[in-house]
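# Summary of the model geometry
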Amino acid sequence: MSATKYFELAQGVYDKIRSTQLANIEKAAEFAADSIARGGLVHLFGSGHSVIPVLDVFPRYGSYAGFHPLMDSRLMWTQVLGSGGVRELLKLERTEGYISEFLSNFKFEATDTMVVYSHGGLNAAPIEVALHAKSLGLKVVAVTSLENARTARVTHSSGKRLADLGDVTIDNCCPPEDALVNVAGVPVAASSTLAVIAISMALVAETAARLAQRGVEFRAFVSPNVASVPAENNRRVFDEYTRKLTPRLS
């Protein structure tokens, strides 16, 4: 019964994203296509569980060079306890000033787009990534829970939530508690990962369509199980990624 309930409620999240957020996803895709067409990059950042869409956009079958995942291993967990564990991650992502050290490894251009994921939208790391990007003239796409933004108390010294910083803000349409199913009075079974992956893949598809409309060529990373794709295809995708990224490394 609870499994069925989860699928029903998860479908409701998908349906709400499609009915209310399509225009915002299209606007974000226009920013992304502008960046890639002009030789820029679409940077992607998330910490904690919000790193999952960053991992999934590129490199991923069906994606292409132009997307640049920004991943700090200290803001991801490699085990639950101990070094690389969740407690340290949670402390770091809430510590103001930390993320600037990580961002100093890269060069950002005003032609770029920055996509920032955070369900809660209150932690220092995503907020400061968005602030840094805006200070350099990048377009910022915020992917967050607007219901959480409306009800949660601001904790960052800037007085900002991630939702306040997007040139376009995409609502993940998930409840603040993230979990969808109530079992014996306990909320369980998260929804935001499903939501942001769907949003991200829609963004990848719409960006590709807009690049094609402009006559901008791009090469997709494709499963080697597809017999019609030349064996060297994926090597060329990574070669293109290397050409785009190498000049940006500090």
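Attention here is on the structure that accompanies the text. (Residues numbered from 1 in each chain as written. Predicted model: local features only at pLDDT ≥ 70, side-chain atom pairs only at ≥ 80, totals over all residues. Heavy atoms only, no water.)

Overall, parallel pairing links the five strands, which are arranged β2-β1-β3-β4-β5 in an open sheet. Each edge of the open sheet is held by one strand with a lone partner, namely β2 (67-70) and β5 (168-171). Across the sheet, the mean angle from the axis of one strand to that of its neighbour is 20 degrees, orientation sign disregarded. In this structure, strand β1 (residues 42-45) lies alongside strand β3 (residues 113-117), joined through four bridges in parallel fashion. Paired with Phe45 across the strands is Val116, a residue of β3. Helix α8 (residues 192-213) contacts β2, β3, β4 (139-144) and β5 of the sheet and is inclined by roughly 165 degrees relative to β3. (Pairing = 2+ DSSP bridges. Helix = DSSP H or I, 4+ residues; strand = E, 2+ residues; numbered from the N terminus. Axes fitted to C-alpha atoms, helices over the stretch in contact; angles between N-to-C directions. Contact = heavy atoms within 4.5 Å.)

Here the focus is the pattern of salt bridges. Applying the stated criterion across every chain yields a total of 10 salt bridges. Ionic contacts of the salt-bridge type, sharing partners, join the residues Glu30, Asp34, Glu206, Arg210 and Arg214 into one network. (Salt bridge = Lys/Arg side-chain N within 4 Å of Asp/Glu carboxyl O.)

For the rest of this paragraph, the subject is the packing of aromatic side chains. As enumerated under the stated definition, the model contains nine aromatic pairs in all. Taken together through their ring pairs, the aromatic side chains of Phe58, Tyr61, Phe221, Phe238 and Tyr241 make up a single cluster. (Phe/Tyr/Trp six-rings, centres within 6.5 Å; stacked < 30°, edge-to-face > 60°.)

Moving on, we get to a nonpolar patch on the surface. On the surface, Val183, Val186 and Val188 cluster together into a nonpolar patch covering about 200 Å² of accessible area. Along the polypeptide, Val188 turns up in strand β7 (residues 186-190). (Patch = residues over 30% accessible without salt bridge, like charges linked within 9 Å, V, L, I, M, F, W, Y side chains within 5 Å. Areas by Shrake-Rupley, 256 points an atom, 1.4 Å probe, with all protein chains shown as cover.)

Take the side chain of Thr169 next. Tracing the sequence through the fold places Thr169 in strand β5. Under the relative-accessibility criterion, Thr169 is labelled buried at 15%. For Thr169, the side chain forms a polar contact with the main-chain oxygen of Ala163, separated by 3.1 Å. (Buried < 20%, exposed > 50% of the residue type's maximum accessible area, 1.4 Å probe, protein only. Polar contact = N/O pair within 3.5 Å; in protein donor to acceptor, adjacent residues only side chain to side chain.)

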